[in-house]
Amino acid sequence: MNLANIVQRGWEALGAGDFDTLVTDYVEQMIFIMPGQADVLKGRQAFRSALDNLGEILPPGFEITGLRQLEGENEIVSIVEWKSDKMIASQLSVLFKFEGDQIYEERWFVDTEQWKSVF
């Protein structure tokens, strides 16, 4: 399976609320860097636990309206088009770094001022 398909499968699992399937594509010692780049989760278990509180992490009414993948060497960047209750349209990007066919780092890039304003 190519890396873009792995990332796409993860987005689909996220959309379906199937968090257990989502985390199987991550190494045990993965890191997740959240919007603003200051908050870091370390380890697949911490990441999985955070997913149970996804409603608190994402803006109210968050919905992905478009998604495309850009592939580099051992990495994928997802360009995510989204909207929420307070934002009619915006974009963010997510970098996924791979070891083999598993993700070892996920890093979100957002306009942090805009992100804060939609909560």
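Let me sum up the structure you'll find in this document.

Parameters and conventions
- Residues numbered from 1 in each chain as written.
- Predicted model: local features only at pLDDT ≥ 70, side-chain atom pairs only at ≥ 80, totals over all residues.
- Heavy atoms only, no water.
- Helix = DSSP H or I, 4+ residues; strand = E, 2+ residues; numbered from the N terminus.
- Rg over C-alpha atoms; globule rule 2.2 N^0.38 Å.
- Contact = heavy atoms within 4.5 Å.
- Lys, Arg positive; Asp, Glu negative; His and termini not counted.
- Charge placed at Lys NZ, Arg CZ, Asp CG, Glu CD.
- Phe/Tyr/Trp six-rings, centres within 6.5 Å; stacked < 30°, edge-to-face > 60°.
- Buried < 20%, exposed > 50% of the residue type's maximum accessible area, 1.4 Å probe, protein only.
- Salt bridge = Lys/Arg side-chain N within 4 Å of Asp/Glu carboxyl O.
- Arc of directions from axis to C-beta.

### Quick look at the overall build of the protein
A tally of helices and strands in the protein yields five helices and six strands. The helix and strand sequence of the protein, counted from the amino end, reads α-α-β-β-α-α-β-β-β-β-α. Against the 2.2 N^0.38 benchmark of 14 Å for 119 residues, the protein shows a C-alpha radius of gyration of 14 Å, consistent with a compact globule. Judged by the C-alpha coordinates and their principal axes, the protein covers about 40 × 25 × 25 Å. Taking the intrachain contacts of the protein between residues at least 6 apart in sequence as the baseline, contacts between residues at least 24 apart amount to 46%. Each charge sign in the protein was given a centre, from 10 positive and 20 negative side chains, and these centres are 4 Å apart.

### So, unusual backbone geometry
Positive phi, close to 60 degrees, is recorded for Asn74, a residue that is not glycine. Along the chain, Asn74 turns up in the loop between strand 3 (63-72) and strand 4 (75-84).

### Digging into the packing of aromatic side chains
Counted by the stated rule, this structure contains 10 aromatic pairs. Seen in terms of ring centroids, Phe32 and Trp108 are 6.4 Å apart; in terms of plane orientation they differ by 75 degrees. Their pairing is edge-to-face. Placement of Phe32 in strand 1 (residues 26-33) and of Trp108 in strand 6 (residues 102-109) is noted, with a sequence separation of 76 residues between them. Side by side, Phe32 and Trp108 carry an identical accessibility label, which is buried. Feature note: the residues Trp11, Tyr26, Phe32, Phe47, Phe62, Trp82, Phe96, Trp108, Trp115 and Phe119 constitute an aromatic cluster, connected by ring pairs.

### Quick look at the pattern of salt bridges
Pairing is possible between side chains of opposite charge, provided their charged atoms come close. This model, assessed by the stated rule, comprises eight salt bridges. One salt bridge in this structure joins Glu105 and Arg107, with 3.0 Å as the shortest N-O distance. You can call Glu105 buried: its relative accessible area is 8%. Put simply, Lys116 and Glu113 hold a salt bridge, and the shortest N to O gap is 3.8 Å.

### A word on helix 3 (residues 44-51)
Since there are 3.6 residues in each turn of an α-helix, residues three or four apart along the chain are aligned in direction. Where helix 3 is concerned, the buried positions are Phe47, Arg48, Ala50 and Leu51. Along the axis of helix 3, the buried residues cluster in a sector spanning 160 degrees; they form a single face. Looking at the buried residues of helix 3, the elements they touch are helix 1 (3-16), helix 2 (19-23), strand 1, strand 2 (40-42), helix 4 (54-57) and strand 6.

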